[in-house]
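Residue-level structural notes
One-letter residues, chain by chain:
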Amino acid sequence: SSIRASFFCPTTGSIPGMRVLVGVKRVVDYAVKVRVAKTGPPGVDLANTKMSMNPFCEIAVEQAIRMKEAGHVSEVVAVSAGPDKSQETLRQALAMGADRAVHLKTDLRTDQDLQPLGVAKLLKAIVEKESPQMVLLGKQSIDDDLNQTGQILAGLLGWPPATF
């Protein structure tokens, strides 16, 4: 089933200049069998492991693009926090149709060190800078399955969340 959103401006039928911010996360590809790290801190061994955009984030990007194609949105901005290789995920969002991408560079491991509260605080700073009218996030990431970032971000912004 597709999601339908209705926006109305008496003159144009849409909201001119409406910007949507879409969070995208780089995760271990869903088809990869993960290996436990044998050295260093406990966790998943990411060396030579295929990474990709979190599938639920991909759905959020697709929805933002649909809204843009329907004329409800004028700009889609993809945002990702992570190491240099997170740029690959942002390039994928751009290839899908996002207009711009923002990379919040950090050396923290997104599957261990960068927790939902930290990500929500980073996204809040970007929201304050970019002034989007809407933020779309995937329902959860497949690496930690926490489903918290969106609700925390809404609380920090004082915005109402819409969840599944």
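What counts as what
Residues numbered from 1 in each chain as written. Predicted model: local features only at pLDDT ≥ 70, side-chain atom pairs only at ≥ 80, totals over all residues. Heavy atoms only, no water. Pairing = 2+ DSSP bridges. Helix = DSSP H or I, 4+ residues; strand = E, 2+ residues; numbered from the N terminus. Axes fitted to C-alpha atoms, helices over the stretch in contact; angles between N-to-C directions. Contact = heavy atoms within 4.5 Å. Core = buried A, V, L, I, M, F, W, Y, C linked by side-chain atoms within 4.5 Å. Buried < 20%, exposed > 50% of the residue type's maximum accessible area, 1.4 Å probe, protein only. Parallel < 35°, antiparallel > 145°, perpendicular 65-115°, else oblique. Left-handed = near helix turned anticlockwise from the far one by under 90°. Nonpolar A, V, L, I, M, F, W, Y, C, P; charged D, E, K, R; others polar. pLDDT = per-residue confidence, 0-100. Right-handed = clockwise from strand over helix to strand, strands pointing away.

Taken together, four strands build an open sheet; the order of strands is 5-4-1-6 and the sheet is parallel. In the strand order of this sheet, the two ends are held by strand 5 (100-105) and strand 6 (134-136), each with one partner. Looking at each pair of strands side by side, their axes are set apart by 25° on average, direction ignored. Across five bridges, strand 1 (residues 19-23) lies against strand 4 (residues 75-82) in parallel orientation. The partner of V22 across the bridge, within strand 4, is A78. The strands that helix 3 (residues 116-130) touches are strand 1, strand 4, strand 5 and strand 6; relative to strand 5, the one it contacts most, it runs at about 140°.

Right, let's get into the nonpolar core. Across soluble globular proteins, nonpolar side chains have a tendency to be buried as a group. Grouped together as the largest cluster of nonpolar side chains are 17 residues, with contacts concentrated most on V22, V24, V61, V76 and L136. Looking at this core, the elements with two or more residues in it are strand 1, helix 1 (55-69), strand 4 and helix 2 (86-96). With six residues, helix 1 is the largest single contributor of residues to this core. Setting aside chain neighbours within four positions, we find V24 in contact with M53, C57, V61, V79, S80, T89 and L90. By size, the runner-up hydrophobic cluster in this structure holds 14 residues, among which are A81, L114, L123 and V135.

For the rest of this paragraph, the subject is the side chain of Q140. Topologically, Q140 is positioned in the loop between strand 6 and helix 4 (149-157). With near-sequence residues (within four places) excluded, Q140 lies in contact with N54, F56, D145 and N147.

This brings us to the packing of helix 3 against helix 4. As a packed pair, helix 3 and helix 4 sit with axes 9 Å apart at the nearest point and diverge in direction by 50°. When the axis of helix 3 is compared with that of helix 4, the two are oblique. Classified by chirality, the crossing of helix 4 by helix 3 is right-handed. Note on element contacts: helix 4 touches helix 3 through T149, I152, L153, L156 and L157, opposite P116, L117, V119, A120, K121, L123, K124 and V127. Partitioning the contact of helix 3 with helix 4 into residue classes produces ten nonpolar, one polar and two charged.

Interpreting fine coordinate detail is not advised for predicted regions of low pLDDT. Per-residue pLDDT for the protein chain has a mean of 82; in total, 86% of the residues score no lower than 70. Of all helices and strands in the protein chain, the one with the weakest mean pLDDT is strand 3 (residues 51-53) (79), whereas strand 1 scores best (95). The low-confidence segment residues 1-12, where pLDDT is below 50, has 13 contacts with residues more than four positions distant or belonging to other chains.

Here we take up the environment of F164. Within the fold, F164 resides in the segment after helix 4. Judged by its relative accessible area of 65%, F164 falls in the exposed class. Considering only alpha carbons, one finds F164 and K139, 25 residues apart in sequence, at a separation of 7.4 Å. Setting aside its immediate chain neighbours within four residues, F164 contacts K139 and N147.

The next subject is the pairing of strand 5. Pairing of strand 4 with strand 5 involves six bridges; the strand directions are parallel. Note on strand 5: the bridge partner recorded for V79 is V102. Regarding the hand of the β-α-β motif, the stretch spanning strand 4, helix 2 and strand 5 is right-handed.

For the rest of this paragraph, the subject is unusual backbone geometry. Phi at S131 takes a positive value of approximately 55°, unusual for a residue other than glycine. Positive phi, close to 55°, is recorded for N147, a residue that is not glycine. Take N147: it is sitting in the loop between strand 6 and helix 4.

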